Structures are given as structure tokens and as C-alpha cells.
Amino acid sequence: MHPNEEILEQFYSAFQNHNPLKMTACYHKNVEFSDPAFGNIKGDRARAMWFMLIERGGDDLKVTYSDIQANDYNGSAKWTATYKFGPEKRTVVNHVVGTFYFQNGKILQHTDHFDLSKWARQALGFKGFLLGKTKFLKLKIQQQSSAALSRYLRAMRSIEEDAV
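As the structure is a computational prediction, the values presented were derived from the model and not from experiment. (Residues numbered from 1 in each chain as written. Predicted model: local features only at pLDDT ≥ 70, side-chain atom pairs only at ≥ 80, totals over all residues. Heavy atoms only, no water.)

(A) Molecular detail of the sheet that holds strand E4 (residues 74-85). Spatial ordering of the open sheet is given by E2-E1-E6-E5-E4-E3, a layout of 6 strands whose pairing is mixed. Both outer strands of the open sheet, strand E2 (39-42) and strand E3 (62-70), are each paired with one neighbouring strand and no more. Taking each pair of neighbouring strands and ignoring which way they run, the sheet shows an average axis angle of 20 degrees. Direction of pairing for strand E5 (residues 90-103) relative to strand E6 (residues 106-113): antiparallel, over a ladder of 7 bridges. If you follow Thr99 over to E6, its bridge partner there is Thr111. Contacting strand E1 (27-35), E3, E4, E5 and E6, helix H1 (residues 3-16) crosses the sheet at an angle of about 175 degrees to E3. Its contacts with the sheet put helix H4 (residues 116-124) on E4 and E5, and the angle it makes with E5 is roughly 145 degrees. (Pairing = 2+ DSSP bridges. Helix = DSSP H or I, 4+ residues; strand = E, 2+ residues; numbered from the N terminus. Axes fitted to C-alpha atoms, helices over the stretch in contact; angles between N-to-C directions. Contact = heavy atoms within 4.5 Å.)

See the structure below:
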């Protein structure tokens, strides 16, 4: 197995086992992450996103992965997350293809590709069905994801400050 395939195996195994600390240890300090729901985020925000998603998913979050491939520069993997979303606890099954660029044995760029309109139908119900293919809904989802991540980071910093 190529060393960068091992990194992806560690990353997804940690995700499957709800271990964001081990996941984010696979990331370069200047990591850049992108997906349809969060848009482009970097560094600590990208790392915090995994902590938030795993915490929110709780025991309902199930992750499977396959088709890990990598060489000296880039790689890819397929993965599926199943979880409950929102106040209505709608079941979402999200099929994702992750693409990666590596630097010095770490993930420097990570892009997750998935069908946002399919996600919206599952997560948001009829509203997602009606608006799922619109740029308006994509921007609204990204704004809400960014705001949730900012609140999560503030709460984490508050806990850290209280511990000092």
C-alpha cells in the first residue's frame, strides 16, 4: 500500500470510529477543505468541522468507505455517511467522493464531491425537493454551515479559556 493510501485509510478509519483527533492528524497544518455544504474552509476551521460533524452525528452517524487510491501527489476515496439531520431527525444517506492532494505525508487539499440537491431532499424534505437545485439554496446551506461552525469554534474556545 502506498504511504498516501495509508493516510487515507487512517483518515476514514478514524472517521468510522468517531475519532476526529486522529482524522485531523492526517491533515497538513495549512489544509484546505471544500464541499458543497461548507464551501471552502482552511486550517483550524477545516479541522473543527470534523469535530462538530462527529459530535452532532453521535451514535447515529455511520460511515463506510472504499476504493482508496493514492500516489505521491494525489488520491481519492468513496465514502458514505448515514445520519439524522435537523430537528425533524430526517435520515440522510450521503454518497461522497473525496479527492486529495498530499504534501510531506499529510493531506494538503481535501475536496468532497456529492449531489447537494439529493442531500437537500433528504435533509430538508419538501423544501429541499423544491429548492435543491437552486444557487439560492446552496448559498443558504453554506451560510448556515459557516455560522454553525463559527458558533462551534466560539464554544470550543470558551471551554479552553475556562480550563486555563
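(B) View of the pattern of salt bridges. Here the structure, examined in full by the defined rule, presents 3 salt bridges. Across the salt bridge formed by Arg47 and Asp44, the nearest N and O atoms sit 3.1 Å from each other. With Arg47 and Asp44 both in helix H3 (residues 43-57) and 3 residues apart, this pair spans about one turn of that helix. The salt bridge partner of Arg90 is Glu88, with a shortest N-O separation of 3.3 Å. On the basis of relative accessible area, Glu88 is assigned to the exposed category, the value being 52%. (Salt bridge = Lys/Arg side-chain N within 4 Å of Asp/Glu carboxyl O. Buried < 20%, exposed > 50% of the residue type's maximum accessible area, 1.4 Å probe, protein only.)

(C) Examining the nonpolar core more closely. The biggest cluster of nonpolar side chains holds 45 residues, and the ones touching the most others in it are Phe15, Trp50, Ile107 and Trp119. Ignoring any residue separated from it by four or fewer positions in sequence, one finds Trp119 in contact with Tyr83, Phe85, Val92, Asn94, Phe114 and Ile141. (Core = buried A, V, L, I, M, F, W, Y, C linked by side-chain atoms within 4.5 Å.)

(D) Focus on a nonpolar patch on the surface. Taken together, the side chains of Phe126, Phe129 and Leu130 define a hydrophobic patch exposed on the protein surface, amounting to about 380 Å² of accessible area. By the secondary structure assignment, Leu130 is in helix H5 (residues 126-131). Among the residues examined, Leu130 registers a relative accessible area of 53% and is labelled exposed. (Patch = residues over 30% accessible without salt bridge, like charges linked within 9 Å, V, L, I, M, F, W, Y side chains within 5 Å. Areas by Shrake-Rupley, 256 points an atom, 1.4 Å probe, with all protein chains shown as cover.)

(E) The arrangement of the pairing of E6 in detail. Bridging between E1 and E6 involves 4 bridges; their strand directions are parallel. What sits directly across from Glu32, in E6, is Gln109.

(F) Here's a closer look at the environment of Thr134. Counting through the fold element by element, Thr134 comes out in the loop between H5 and helix H6 (135-163). Thr134 sits 27 residues away from Ile107 along the chain, and the two C-alpha atoms are 31 Å apart.

(G) The arrangement of the pairing of E3 in detail. The sheet contact formed by E3 and E4 spans 7 bridges and is antiparallel. Directly across from Ser66, in E4, lies its bridge partner Lys78. Linking E3 back to E4 in an antiparallel pair, the connection comprises 3 residues.

(H) Structural detail: unusual backbone geometry. One non-glycine residue, Lys89, adopts positive backbone phi at about 55 degrees. Relative to the elements of secondary structure, Lys89 occurs in the loop between E4 and E5. Positive phi is not limited to glycine here, since Asn104 has a value of about 50 degrees. Mapped onto the secondary structure, Asn104 falls in the loop between E5 and E6.

(I) Quick peek at H1. Helix length check: H1, at 14 residues, gives a terminal C-alpha distance of 20 Å against a target of 20 Å (1.5 Å per residue), a fit within 8%. Residues of H1 that are buried include every one of Asn4, Glu5, Ile7, Leu8, Phe11, Tyr12, Ala14 and Phe15, and no others. In the stretch just after H1, His18 is the one whose phi turns positive, near 60 degrees. (Expected span 1.5 Å × (residues − 1).)

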